[in-house]
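In case you want the letters, here they are:
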Amino acid sequence: MLNKVPQRMPYHRTPSLGVLIAGLAVIFGSALWLALNTVGEIRYTADHAGTRPMWHVWIPALVGLALTRLTPLPSRAAPVDGAPAPRELHRQAGALLASAVLFAAALRIVTDNGYDAEPAHTILKLVLLLAVPVLVFRLTRHGATRREPVRGRIEAWRRYGPVVPVAAWLVLHHAGPFARPPGDNAWAADSGPAALLITMIVGFAVNALLEEVFYRRWLQTRWEHVIGRWPAIVLTSLSFAAWHIGIHGTGHLLTDLTSVFVHQGVLGLFLGYLWSRYRLMWPILTVHGAINAAPVLLDML
C-alpha cells in the first residue's frame, strides 16, 4: 500500500492552507464553545456518561506532539511534504474520505434511532473502513512509491525514535494528575482469562488496528500527496473524531461534535504526526491500543 510521499514538487498551496486553517479553527472553536457552555468538560468513554476536563486530554497529546518534533530524526528517514498526485491517487483520496464521512453519519443515524451501537458499529466499520477501501484500491490501481531502505544506525534511530514521545504520552495519560479516571469494567474482572484475552485481541484488531490502518496509513497518506502533511493530518483527525459521536453521543449534535473534535481530534493530531514523521505502525498502535485496553487492565489491579 501507499506509505511514502514522493520527492517534493510544486503544488497549489492555497486550498491546502485553507484546509489547515479551517480544520484548526474547528478544533479551537470547539474548545472555546465547550469552555463557555460545559466548563470544558468532555465525555471520555462510551462505557458511561462520566466527563473530564478537556485539558487532561490535550496536555498528554501536546507533550507527545512536541517530543515527536524534538526527537532527532535523520533527514533520509523523514517523509517529505505533499506533492502533486496522479488522477488515481486523487480518486482514492476522495473515495476514502467519502467512506469515512459515511461511516460517521451512518453510525450516528443508527444510534439516534434507538438501536444499539453493536453490532452496527463493527459491521459498518468492516464494510466502510475495510471492504470499501480494498475495492477502491482494486478499481483504481496505482503503483505505490515506497521509501528506499534506510539501514544501520539511521534505520535504528528512525525505528526507535518514537519511544520517547509514546512513553511520555503513556505516563501522562495513565498516571498522575491528567490520568483518565477509573472506569466501570466489572465485566473484565468477571471474565475468565481466556475470554478476556480473546475479547482484547478482537477489540484491538477491530478498533486500534483497523482504524489506524484506515485513517493514518491509507487516508492520511493519500491526502498528504494531495494537500501536504499538516493539512492532511488535520483533515484526517477531524474525520477520525467525527465517527465517535455515534458511541459518545448525548443526543445534542453540537455538544457531541465539539466534544469529539477536542478529544479524539486532538489525539488524532498526535497520532497523525507520529505516522507522518516516522511511517511506523507500532507507535500509533501502541497509543491507540493503550487507550482501549489500559483502562481495563489498570482497573483490574
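Scoring rules and cut-offs
Residues numbered from 1 in each chain as written. Predicted model: local features only at pLDDT ≥ 70, side-chain atom pairs only at ≥ 80, totals over all residues. Heavy atoms only, no water. Helix = DSSP H or I, 4+ residues; strand = E, 2+ residues; numbered from the N terminus. Buried < 20%, exposed > 50% of the residue type's maximum accessible area, 1.4 Å probe, protein only. Contact = heavy atoms within 4.5 Å. Areas by Shrake-Rupley, 256 points an atom, 1.4 Å probe, with all protein chains shown as cover. Salt bridge = Lys/Arg side-chain N within 4 Å of Asp/Glu carboxyl O. pLDDT = per-residue confidence, 0-100. Phe/Tyr/Trp six-rings, centres within 6.5 Å; stacked < 30°, edge-to-face > 60°. Core = buried A, V, L, I, M, F, W, Y, C linked by side-chain atoms within 4.5 Å. Polar contact = N/O pair within 3.5 Å; in protein donor to acceptor, adjacent residues only side chain to side chain.

A. The arrangement of the overall build of the protein chain in detail. Secondary structure assignment for the protein chain yields 13 helices and 2 strands. Counting only residues that meet the buried cut, the protein chain has 49% of its 301 residues in that class. Long-range contacts, defined as pairs at least 24 residues apart, comprise 82% of the intrachain contacts of the protein chain with a sequence gap of at least 6. Total accessible area on the protein chain is roughly 14100 Å²; 68% of this is exposed by carbon and sulfur atoms.

B. Fine view of the pattern of salt bridges. Under the definition given, this model contains 5 salt bridges. Of the charged contacts in the structure, one is a salt bridge between Arg-279 and Glu-224, with a shortest N-O distance of 3.1 Å. Pair noted here: Arg-279 is in the loop between helix H12 (264–278) and helix H13 (281–300) and Glu-224 is in helix H8 (residues 193–227), with a separation of 55 residues, a long-range link. In this pair, the class of Arg-279 matches that of Glu-224, namely buried. Here the salt bridges share partners, and the residues they tie into one network are Arg-108, Asp-112 and Asp-256.

C. Region of interest: the confidence of the model for the protein chain. For the protein chain, the mean per-residue pLDDT works out to 83, and 78% of the residues sit at or above 70. By mean pLDDT, the top-scoring element of the protein chain is helix H9 (residues 229–242) (97), and the lowest-scoring one is helix H7 (residues 186–190) (56). Between residues 75–84, whose pLDDT stays under 50, and residues either more than four places distant or in other chains, the model counts 39 contacts. Segment residues 143–151: pLDDT under 50, and 17 contacts once partners within four positions in sequence are set aside and those in other chains are kept.

D. Representation of the packing of aromatic side chains. The tally for this structure, following the rule as stated, stands at 7 aromatic pairs. Seen from their ring centres, Trp-55 and Trp-58 are 5.7 Å apart, and the 70 degrees between their planes marks the pair as edge-to-face. With Trp-55 and Trp-58 both in helix H2 (residues 55–70) and 3 residues apart, the pair spans about one turn of that helix. The class of Trp-55 is partly exposed, set by a relative accessible area of 45%. Arranged with centres 5.3 Å apart and planes meeting at 40 degrees, the rings of Phe-103 and Trp-243 form a pair that is tilted. In this pair, Phe-103 sits in helix H3 (residues 87–112) while Trp-243 sits in the loop between H9 and helix H10 (245–248), placing the two residues 140 residues apart along the sequence.

E. Here's a closer look at the nonpolar core. Phe-103, Phe-214, Tyr-215, Leu-219, Trp-223 and Val-287 are the most contacted members of the largest nonpolar core, which has 61 residues in total. Contacts of Tyr-215, omitting those with residues within four sequence positions, involve Ala-100, Phe-103, Leu-129, Gln-220, Thr-236, Ser-239, Phe-240 and Trp-243.

F. Quick peek at the side chain of Glu-211. Within the secondary structure layout, Glu-211 lies in helix H8. Overall, Glu-211 belongs to the buried group, its relative accessible area being 2%.

G. Local environment of the side chain of Thr-140. Position of Thr-140 among the secondary structure elements: in the loop between helix H4 (117–139) and helix H5 (152–160). The buried category is assigned to Thr-140, whose relative accessible area is 13%. Looking at Thr-140, its side chain comes within polar contact range of the main-chain oxygen of Val-136, at 2.6 Å. Those residues in contact with Thr-140 that lie beyond four places of it in its chain are Glu-88, Arg-91 and Gln-92.

H. Spotlight on unusual backbone geometry. Positive phi values are uncommon outside glycine, yet Val-39 reaches one of about 55 degrees. One can find Val-39 in the loop between helix H1 (13–37) and strand S1 (41–43). Its relative accessible area of 72% is what places Val-39 among the exposed residues. Positive phi, normally seen in glycine, also occurs at Arg-279, with a value near 55 degrees.

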